[in-house]
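Here is what each chain is made of, one letter per residue.
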Amino acid sequence: MNRITLTKPDDWHLHLRDGEAMKSVVGMSAKQMGRAIIMPNLSPPITSAAQAKDYHDRIIESLPKETIFKPLMVLYLTDETSKNEMLEASKTPEVYAAKLYPAGATTNSSNGVTNIRKIYSVLEIMQKEKIPLLIHGEVTDPSVDIFDREAVFIDKVLSKVVRDFPELKIVLEHITTKDAVDYVKGSDKNIAATITPHHLLANRNHMLSGGIRPHFYCLPILKREYPHQDALVAAAISGSNKFFLGTDSAPHYKNEKESACGCAGIFSANAAIELYAEVFDKHKQMQMLEGFSSFFGADFYGLPRNTEKITLEKLSWTVPKSYDFSGAKVVPFFAGSELSWKLLD
Ligand code: NCD
Ligand code: ZN
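Residues numbered from 1 in each chain as written. Chains lettered and ligands numbered in written order. Predicted model: local features only at pLDDT ≥ 70, side-chain atom pairs only at ≥ 80, totals over all residues. Heavy atoms only, no water.

Novice: Help me understand the sheet that holds strand 9 (residues 243–245), please; the structure alone is not making it clear to me.
Specialist: Think of a sheet as strands paired side by side through backbone hydrogen bonds, with each pair either parallel or antiparallel. Taken together, the 8 strands give an open sheet; going across it, the order is 2-3-4-5-6-7-8-9, and neighbouring strands pair in parallel fashion. Only two strands of the sheet have a single neighbouring strand rather than two, namely strand 2 (11–14) and strand 9. Across the sheet, the axes of successive neighbouring strands diverge by a mean angle of 30°, strand direction being ignored. Helix 2 (residues 49–62) rests against strand 3 (35–38), strand 4 (70–76) and strand 5 (95–100) of the sheet, and its axis sits at about 150° to strand 4. (Pairing = 2+ DSSP bridges. Helix = DSSP H or I, 4+ residues; strand = E, 2+ residues; numbered from the N terminus. Axes fitted to C-alpha atoms, helices over the stretch in contact; angles between N-to-C directions. Contact = heavy atoms within 4.5 Å.)

Novice: Help me understand the packing of helix 3 (residues 83–90) against helix 4 (residues 120–129), please; the structure alone is not making it clear to me.
Specialist: Remark: helix 3 packs on helix 4, axes separated minimally by 9 Å, with the N-to-C direction vectors making an angle of 20°. When the interaxial angle is binned, helix 3 and helix 4 end up roughly parallel. The handedness of the crossing between helix 3 and helix 4 comes out as right-handed. Residue-level inspection shows Lys83, Met86, Leu87 and Ser90 of helix 3 in contact with helix 4, the latter providing Ser121, Val122, Ile125, Met126 and Glu129. Taken together, the residues of the contact of helix 3 with helix 4 break down into 5 nonpolar, 2 polar and 2 charged. (Parallel < 35°, antiparallel > 145°, perpendicular 65-115°, else oblique. Left-handed = near helix turned anticlockwise from the far one by under 90°. Nonpolar A, V, L, I, M, F, W, Y, C, P; charged D, E, K, R; others polar.)

Novice: Quick question: what am I supposed to make of the pairing of strand 8 (residues 191–195) here?
Specialist: Buried residues dominate strand 8, accounting for 5 of its 5 residues. Residues Ile191, Ala193 and Ile195 of strand 8 are buried on one face, and the alternating residues Ala192 and Thr194, pointing to the opposite face, are buried as well. With 3 bridges connecting them, strand 7 (residues 170–172) and strand 8 associate as parallel partners. Paired with Ile170 across the strands is Ile191, a residue of strand 8. (Buried < 20%, exposed > 50% of the residue type's maximum accessible area, 1.4 Å probe, protein only.)

Novice: Looking at this structure, I do not really get helix 1 (residues 19–32). What am I missing?
Specialist: Given 3.6 residues per helical turn, the α-helix brings residues three or four places apart onto the same face. For helix 1, spanning 14 residues, the distance from its first C-alpha to its last is 21 Å, which sits close to the expected 20 Å at 1.5 Å a residue. Considering bend angle alone, the principal kink of helix 1 is centred on Val25 and spans about 35°. For helix 1, the elements touching its buried residues are strand 2, helix 2, helix 11 (272–282), strand 10 (309–318), strand 11 (323–325) and strand 13 (338–343). (Expected span 1.5 Å × (residues − 1). Bend = angle between axes of the 7 residues up to and from the residue.)

Novice: Honestly, the pattern of salt bridges in this entry has me stumped. Any pointers?
Specialist: Counted by the stated rule, this structure contains 14 salt bridges. For Asp164, the salt bridge identified is with Arg117, shortest N-O distance 3.9 Å. Of the two residues, Asp164 is situated in helix 5 (residues 149–164) and Arg117 in the loop between strand 5 and helix 4; the sequence distance between them amounts to 47 residues. We classify Arg117 as exposed; its relative accessible area is 52%. With a closest N to O distance of 2.8 Å, Asp281 and Lys314 form a salt bridge. (Salt bridge = Lys/Arg side-chain N within 4 Å of Asp/Glu carboxyl O.)

Novice: Before we go on, may I ask you to explain the packing of helix 1 against helix 2 in this structure?
Specialist: Between helix 1 and helix 2, whose axes approach to 9 Å, the crossing angle comes to 65°. The hand of the helix 1/helix 2 crossing is right-handed. Here Met22, Lys23 and Val26 of helix 1 lie close against helix 2, whose contacting residues are Tyr55, Arg58, Ile59 and Ser62. Residues of the contact of helix 1 with helix 2, tallied by class, amount to 4 nonpolar, 1 polar and 2 charged.

Novice: Is there a simple way to explain the site of ligand 1 in this structure?
Specialist: Not every one of the 15 residues close to ligand 1 is listed here, only the nearest: Asn41, Thr106, Leu219, Asp248 and His252. Here Thr107 contributes a side-chain N or O atom positioned 3.3 Å from an oxygen atom of ligand 1. One of the side-chain N or O atoms of Asp248 is found 2.7 Å from a nitrogen atom in ligand 1. Isolated, ligand 1 exposes 320 Å² of accessible area, and the fraction of that covered by the protein chains is 100%. (Near = heavy atom within 4 Å. Polar contact = N/O pair within 3.5 Å; in protein donor to acceptor, adjacent residues only side chain to side chain. Areas by Shrake-Rupley, 256 points an atom, 1.4 Å probe, with all protein chains shown as cover.)

Here it is in structure tokens:
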């Protein structure tokens, strides 16, 4: 197999940032993806339907000419999010979901939710209006080890939300553990998960062995190869419609990652589908790539599948060491390394 044509994929978890930074990266996602769920963790965050609509319009204006790309906007939940705001969001055609960041869990999450109980009345409306809840699934309790925060979140928080809102659609985002894979597999059809290319292709050894490599630092943090990375790969290539593509491509300035307190986030929008292809090919499951990349997410959100196609060719190429990012640099995942599939123009 030297060429593969796929329905155009969608990215169900993407950080585009804003302003000049967004202009540097949005064209890469538009080339690869038909649609993307756009994360609302700007500073200040996108907490109202009106802000989501404005951000949507700025994305559209930043797109290179003649690109078709549909940004699907997300409301950032806070302790103060009102029922009215959620009703407003449900009537705003640009808004497709709302995001739960436990306060302090990750980049720009300080305005997130401090206690899930504070948003129960809002979750009630989301359940009724069929607005998916997207979850950064980590506890923030400093006494919980950073490698255990996802598993503890599932046990202590997610299981209660699922029990109390059985009809709520939930995407557990960027899962990183076997615990998450098992939980999602064992739950009913309302619960799904996205998996990033970096959690499929890397584990904590890549980040910590032979020196600290800040470009592998993201949240939730990379885990062990066995059992976690292996479980993620098995889930992605399994053909289960509960697992789908979400890059969590999160560009940061090179100097802000290469610092004494480097930012969390890995940039992968430049080669998203090629990175996933690398995984599926390595495990001889290329025939499963299209479902994961182009069908299961759309089906879960109740949206039509894309009709455009993309073609990948087996052609090795070296990922650039960096890209321009608003006049500075962003270092992509796999920088300077070879990938074996290339997206054709
Ligand atoms: C993301 C970012 O930089 O906005 N960082 C990350 O490590 N994934 C935030 C997030 O999705 O957690
Ligand atoms: Zn993210």
